[in-house]
Amino acid sequence: MIPKECKRLAEVDFPIAVVSRYARAEKDSRVAHVPRLHVWPAARPGGACRSILLALLLPDPCDPACPKQFKDSAAEALLALRSRPERWSKQMSTDEGLRGLLLEFIGRLADWGDAHQAPVVRCAQALIGAAHGDEPPLVVDPFAGGGVIPLEALRLGCDAASMDLNSVALLIQSTVLELMPRHIDEMIETLPSIAASIRSAAERELGPFYPKDPNGFEPAAYLWARCIRCEAPNCGAEIPLVRSFWLAKRAHRQRALRYEVIHSGGVPSLRWEVFEPRRADDVPHGTVSRAKATCPCCGAVLAPDRVRSQLAEQNGGSNVAFNTNGQRRAGAMLLAVASVPPGDDARSYRVATDADYEAVWKAQQRLKQILHEWEKNGRQGLCPVPDEPTPAGGGSGAGRAFSIQKYGMLRWGDLFTARQSLAMATLCRLIHDSAPANVRPIVALLISKVIDLNNALTVWHNVGERPAHMLSRWAIPMKWDFVEPIPISQFSGSLDTALARTMHLLREFAVRRPAQLIQQADASEQILPDASVAVWFTDPPYYDAIPYADLSDFFFVWLRRALPDDARLKDRYDPTNALTAKVREAVQDEQRRSACGQPKDKAYFEKKMREAFAVGRRELRDDGIGSVVFAHKTTEGWEALLSGIINGGWTITGSWPLATEMSSRLRARDSAALDTSVHLVCRPRPDDAPVGDWGEVLRELPRRVEAWMDRLQDEGVRGADLVFACIGPALEIFSRYSKVETAEGREVPLDEYLLKVWEVVGRTALNQVLGTAEGRARNGAAGALEEDARLTALFLWTLQSTTEESPSNGNGNGGADGDDEDADESDEDEEEAGSSGRKKKGFSLIFDVARRFAQPLGIHLEAWEKRIIETEKGVVRLIPVLERANQLFGEEGAASVADRLERGPATAAAAQMMLFPEPAAPPKVRGRGRRTKGNVADSEFETRREATTLDRVHAAMLLQASGRANALRALLKAEVERGPDFLRLANALSALYPQGSDEKRLLDAMLLAVPR
Ligand SMILES: C[S@@+](CC[C@H](N)C(=O)[O-])C[C@H]1O[C@@H](n2cnc3c(N)ncnc32)[C@H](O)[C@@H]1O
Ligand SMILES: [Zn+2]
């Protein structure tokens, strides 16, 4: 047994870079890890969980309290590993050596390739045995989601208790943590034949609704567009809402759609044709962009509210409206059919025919009949098509993920075409009727895979020529055109492809140890006995980033139809609830209310976290340890979590940022997603913890932060990831104490401390990039660059990204399970309400993050608004240098300034006079037309002012941009004579601007022109 005072490895060191590398590889690869079984937003990579868990469980051999018996047995376990390097036997002769080897092994454990090998897993198990004896330690995750943490605990031979509030999560957990370990052989043996019989029954029932082409080609996908009517007088044409007319956009094969407008007296209409474009220009522009529709017949533009209201009248417009004879009259329009010739794989495209519509009409008739029978039989059981309400969405919290109600998709069934509903209802019934109990949940989970691609919000991925996952951004936004795959085919989106993936996972599934407990539970409720848990390891909800419960309803409504009597799918807290549990969910979404009617604001989230952590603290053994994962880039999210941890009675004893590439996963306000997730290590704070002295805490803080930033930068952690990774060590200092008091006896609240933390981190960053004067500077301090330079440097520093060279704007290209069906999210469909149209250029940060850094460093964001930054909707944008031309040179522009520079004497004063010319007339604000480089109209800045060093650097960059070499040389000569600041700043910025950015290019070219 490890004495309580002995530190665990996770409290002293961790192989950050190695584990990060494996974690990323795991997300990118086709490893058969749990998320492949069912989509669960932001599932952890298993490798990182395994490594952290082992580091939590093992004592540090260098700790004086580390038992000798552990060291001996651990050495033995490592030596027994056949694949170990030779040097190990020598290296383990010292405590430091053994620690190094254990860390090396922990790193290696993150590699799926290795962890998949029985000897490696056995070695990990033996190490745990060496530390904890024969009784396996109990690992608990109260926010277990898709169950990755408990699964890895079981793999390492621990006991596991897994809880979540959400029924879909519970069904996944029960499948992965209990049914699969117990019945995997039965599943592997029977699942293919069960799925085959479901498929052939489905084929008999549904086959007529997906007819083959007369030439024998088999349809693989139908490509649809929602339609509205042009409202221009004398037009009235149908406008198919299409984002892009490309069908196949591969290097070797390109196909697209084009149309001809037919004016035959009455209302104009379109005639379609599939063609092979020679150039991108050959492909017609989409008809809809940011919710504005353009009529292809007359060019009239319909405003977003008209588009929305016309679609709302059609409940979203996913269905065709037929007249009584089965003739299409309005509604969704079939643009093209992708079909596949016998014995081939390549998609071939054709336009829609009457036969295609006839099949849709028949499917509609059949569905009507089913619904009619259900009505006639007194509505027994659930309505075959989900009639449960969709989330209202909206607001500034997690509800931002949903806008479908604005388009009239009020019930979950509205997210499916009639033919899709018919197919899903049929599959659900067949599953319910055919699969034996132990296997039924995994068959039902196949349905989730199928509906993820079979819904009317799935778009066509024209590069991959396949449907893209609907839930690629953990949101359900409107999509104008969509694809309908064929669930009974063998192509993407079918039951067959879902089965193939699941079988791959089952065959590789090696865990045979079932969890001790799987339960639907609110984490703020105590389930386990006091002092029973060895490791409390959890990944709590991400504040406002992911509305878990609402998203999961998309799957839940169908799962419930496949498993109508399954107790796991009931809401234990409200048996009348027809959807997943919401009231107790820990999420920041002010549109929602808690049980006592309180809006789910920051205070609510904090309270939920505090309660959950307090429960964990009670359940934890005295010598137990905790770990909390968090991956969010807003300071509010972090503050809410940290106050929960500290007020819940924990102290933070370690913190490891791991690059798990969450950036593509988290849907969030611009850059609110981290590339890394921070794993905090914590221990129960002793009831008699001392009172801390504020002065001493403040003295220790910068030392810790600096040392930590150095270490992390060496491991490749950068920017905002680095900022948030510093929270751990900072909190280690603060959370040791029962409270921290000032000399006057005033208790210092956590928020006040966090303000200090942001300040110290910002200051340390500035020190590193600009030098000590700036780090210390308040305004006007001697020798320091001005505020705007410090703001720009800090901004760019924060934007640096851990996983890529250029800064991430948080809108990566992730797909729901990171596999080959990733969505291309470049065409965001909806309008950005209130924005000026196109996405603006420039780097952006969340306002709150920028503010918290800037303020304590004496930088007044408001003073630089419209000069170097622009704030809109909580996001601050650094105005690109090219957009500052007018500000810096005035209306007369760079050319005449350059002329004068070339003519005049090259002195600093003269150069200074060239900038910020007094505007002859009050500044005009020009329209926001399409901006061309170097010619930017935005003269909202106020009056003439002294140009700062940053202004002068920017001016030089603009002269570089406009090719005025002589003028640039004159300016540079003057600057070099003036003093060192100009070059100091230019060099610092050159190191901060991302590779490949306009600024970096201009700056580097400009620096080459500096006289030596
Ligand atoms: C970040 S996720 C966990 C993901 C998990 N680690 C995985 O790998 O799949 C957070 C989970 O907390 C759950 N949750 C939210 N509020 C809860 C509550 N009050 N009690 C228990 N679970 C809750 C959500 O359903 C979600 O599954
Ligand atoms: Zn028109």
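Keep in mind it's a predicted model, so treat the numbers as computed, not measured. (Residues numbered from 1 in each chain as written. Chains lettered and ligands numbered in written order. Predicted model: local features only at pLDDT ≥ 70, side-chain atom pairs only at ≥ 80, totals over all residues. Heavy atoms only, no water.)

## Considering the overall build of the chain
Piece 1. Each helix and strand counted, the chain has 32 helices and 29 strands in total.
Piece 2. Looking at the chain as a whole, 60% of its 1012 residues qualify as buried.
Piece 3. Summarising the internal contacts of the chain: among those between residues at least 6 apart in sequence, 76% fall at separations of at least 24.
Piece 4. Total accessible area on the chain is roughly 38000 Å²; 50% of this is exposed by carbon and sulfur atoms. (Helix = DSSP H or I, 4+ residues; strand = E, 2+ residues; numbered from the N terminus. Buried < 20%, exposed > 50% of the residue type's maximum accessible area, 1.4 Å probe, protein only. Contact = heavy atoms within 4.5 Å. Areas by Shrake-Rupley, 256 points an atom, 1.4 Å probe, with all protein chains shown as cover.)

## What about the nonpolar core?
Burial of nonpolar side chains together is a common tendency in soluble globular proteins.
Piece 1. With 315 residues, the main nonpolar core has Phe-105, Ile-476 and Leu-731 as its most contacted residues.
Piece 2. Looking at this core, the element that brings in the most residues is helix 9 (residues 167-206), giving 17 residues.
Piece 3. Beyond its immediate chain neighbours, meaning those up to four positions away, Leu-731 contacts Leu-642, Ile-646, Ile-652, Leu-750, Tyr-753 and Leu-754. (Core = buried A, V, L, I, M, F, W, Y, C linked by side-chain atoms within 4.5 Å.)

## Concerning the confidence of the model for the chain
Piece 1. Per-residue confidence for the chain averages 87 on the pLDDT scale, and 88% of its residues sit at or above 70.
Piece 2. Note on residues 804-838: pLDDT under 50 across the span, and 104 contacts to partners over four residues away in sequence or across chains. (pLDDT = per-residue confidence, 0-100.)

## Here's the deal with unusual backbone geometry
Piece 1. Phi angles above zero are rare outside glycine, and Asn-234 is one such case at about 70 degrees.
Piece 2. Position of Asn-234 relative to the elements: it lies in the loop between strand 3 (218-229) and strand 4 (238-241).
Piece 3. For Arg-379, which is not glycine, the phi dihedral falls at a positive 50 degrees.
Piece 4. The topology assignment puts Arg-379 in the loop between helix 11 (354-376) and helix 12 (418-434).
Piece 5. Note on Arg-379: relative accessible area 47%, which makes it partly exposed.

## Some thoughts on the coordination of the zinc ion (ligand 2)
Piece 1. Cys-230 (SG), Cys-235 (SG), Cys-295 (SG) and Cys-298 (SG) make up the full set of protein donors to the zinc ion (ligand 2), lying at 2.2 to 2.3 Å.
Piece 2. Metal-centred angles of 104 to 114 degrees between the 4 donor atoms at the zinc ion (ligand 2) mark the site as tetrahedral.
Piece 3. For the zinc ion (ligand 2), all donor residues lie on one chain, and their spacing in sequence is C-x4-C-x59-C-x2-C. With Cys-235 in the loop between strand 3 and strand 4 and Cys-298 in the loop between strand 9 (292-294) and strand 10 (301-302), this pair connects stretches of sequence that are 63 residues apart.
Piece 4. The buried category is assigned to Cys-235, whose relative accessible area is 10%. (Donors = N, O, S within 2.8 Å, 3.2 Å for Na, K, Ca; no water. Tetrahedral: all angles 85-135°; square planar, octahedral: opposite > 155°, others 65-115°.)

## Observations regarding the site of ligand 1
Piece 1. Close contacts around ligand 1 come from 24 residues, with Arg-44, Gly-146, Asp-164, Ala-523 and Asp-539 the closest.
Piece 2. With respect to ligand 1, the backbone of Arg-44 contributes an N or O atom lying 2.9 Å from an oxygen atom.
Piece 3. Interatomic distance of 3.0 Å between a backbone N/O atom of Ala-586 and a nitrogen atom of ligand 1.
Piece 4. For ligand 1, whose free accessible area comes to 600 Å², the fraction covered by protein is 99%.
Piece 5. Here the shell around ligand 1 is composed, by residue class, of 14 nonpolar, 3 polar and 7 charged. (Near = heavy atom within 4 Å. Polar contact = N/O pair within 3.5 Å; in protein donor to acceptor, adjacent residues only side chain to side chain. Nonpolar A, V, L, I, M, F, W, Y, C, P; charged D, E, K, R; others polar.)

## Quick look at the side chain of Ser-162
Piece 1. Tracing the chain through its elements places Ser-162 in strand 2 (residues 159-164).
Piece 2. Ser-162 sits in the buried class, given a relative accessible area of 0%.
Piece 3. For Ser-162, the contacting residues outside a window of four places in its chain are Asp-141, Ala-144, Pro-150, Gln-173, Leu-177, Leu-517, Ile-518 and Gln-519.

## Considerations on the packing of aromatic side chains
Piece 1. Applying the stated rule across the entire model yields 24 aromatic pairs.
Piece 2. When the centroid spacing of 5.9 Å and the interplanar angle of 35 degrees are considered together, the rings of Phe-245 and Trp-272 count as tilted. Of this pair, Phe-245 sits in the loop between strand 4 and strand 5 (246-249) while Trp-272 sits in strand 7 (residues 269-275), and the two are 27 residues apart along the sequence. Here Phe-245 and Trp-272 have matching classes, each one buried.
Piece 3. Each ring, one from Phe-416 and one from Phe-554, has its centre 5.9 Å from the other, and the planes form 10 degrees; the classification is stacked. (Phe/Tyr/Trp six-rings, centres within 6.5 Å; stacked < 30°, edge-to-face > 60°.)

## Points about the packing of helix 29 (residues 949-961) against helix 30 (residues 965-978)
Helices that pack against each other are described as a pair by the angle of their axes relative to one another and the distance between those axes.
Piece 1. Packing of helix 29 against helix 30 leaves a shortest axis separation of 9 Å and a crossing angle of 155 degrees. With respect to each other, helix 29 and helix 30 are oriented roughly antiparallel. Between helix 29 and helix 30 the crossing geometry is left-handed. Note on element contacts: helix 30 touches helix 29 through Ala-967, Leu-968, Leu-971, Leu-972, Glu-975 and Arg-978, opposite Arg-952, Ala-955, Ala-956, Leu-959 and Gln-960. (Axes fitted to C-alpha atoms, helices over the stretch in contact; angles between N-to-C directions. Parallel < 35°, antiparallel > 145°, perpendicular 65-115°, else oblique. Left-handed = near helix turned anticlockwise from the far one by under 90°.)

## Side note on the sheet that holds strand 28 (residues 869-872)
Piece 1. In space, the 3 strands of this open sheet follow the order 27-29-28, with antiparallel pairing throughout. The open sheet has two edge strands, strand 27 (843-846) and strand 28, and neither has a second partner. Looking at each pair of strands side by side, their axes are set apart by 25 degrees on average, direction ignored.
Piece 2. Note that strand 27 and strand 29 (residues 875-878) share 4 bridges and pair antiparallel. Bridging across to strand 29, Ile-846 finds its partner in Val-875.
Piece 3. Helix 23 (residues 787-799) contacts strand 27, strand 28 and strand 29 of the sheet and is inclined by roughly 85 degrees relative to strand 27.
Piece 4. Together, strand 27, strand 28 and strand 29 form the strand contacts of helix 24 (residues 847-854), whose direction differs from that of strand 27 by roughly 80 degrees. (Pairing = 2+ DSSP bridges.)

## Considerations on the sheet that holds strand 2
Piece 1. With mixed pairing, the 7 strands of this open sheet are ordered in space as 18-2-1-19-22-24-23. In the strand order of this sheet, the two ends are held by strand 18 (517-520) and strand 23 (650-659), each with one partner. The sheet shows a mean angle of 15 degrees between the axes of neighbouring strands, taken without regard to direction.
Piece 2. When strand 2 meets strand 18, the two strands line up parallel, connected through 4 bridges. Looking at the pairing, Met-163 lines up with Gln-519 of strand 18.

## Brief notes about the pairing of strand 24 (residues 676-684)
Remember that side chains alternate between the two faces of the sheet whenever the strand is regular.
Piece 1. Where burial is concerned, most of strand 24 is hidden: 9 out of the 9 residues are buried.
Piece 2. With 5 bridges joining them, strand 22 (residues 620-630) and strand 24 adopt antiparallel strand pairing. Bridge pairing links Ser-627 to Val-681 in strand 24.
Piece 3. Both strand 23 and strand 24 contribute to a ladder of 9 bridges, which runs antiparallel. Within the sheet, the bridge partner assigned to Pro-657 lies in strand 24 and is Val-678.

## Digging into the pattern of salt bridges
Piece 1. Per the stated rule, a full pass over the model turns up 63 salt bridges.
Piece 2. One salt bridge connects Asp-159 with Arg-513, and the closest N-O pair in it is separated by 2.6 Å. Of the two residues, Asp-159 is situated in strand 2 and Arg-513 in the loop between helix 14 (495-508) and strand 18; the sequence distance between them amounts to 354 residues.
Piece 3. Judged by relative accessible area, which is 15%, Asp-159 ranks as buried. (Salt bridge = Lys/Arg side-chain N within 4 Å of Asp/Glu carboxyl O.)

## Overview of helix 2 (residues 46-57)
Piece 1. Relative to the 16 Å expected for 12 residues at 1.5 Å per residue, helix 2 spans 16 Å between its end C-alpha atoms, a close match to the ideal helical length.
Piece 2. The element helix 2 is extensively covered by neighbouring structure, given that 12 of its 12 residues are classed as buried.
Piece 3. Gly-46, Gly-47, Ala-48, Cys-49, Arg-50, Ser-51, Ile-52, Leu-53, Leu-54, Ala-55, Leu-56 and Leu-57 are the residues of helix 2 that are buried. (Expected span 1.5 Å × (residues − 1).)

## Concerning the packing of helix 12 against helix 15 (residues 548-562)
Piece 1. With their axes 7 Å apart at the nearest point, helix 12 and helix 15 run at an angle of 45 degrees to one another. By the criterion of interaxial angle, the relationship of helix 12 to helix 15 is oblique. Residue-level contacts link Ser-421, Met-424, Ala-425, Cys-428, Ile-431 and His-432 of helix 12 to Trp-558, Arg-561 and Ala-562 of helix 15.
Piece 2. Broken down by class, the residue content of the contact of helix 12 with helix 15 amounts to 6 nonpolar, 2 polar and 1 charged.

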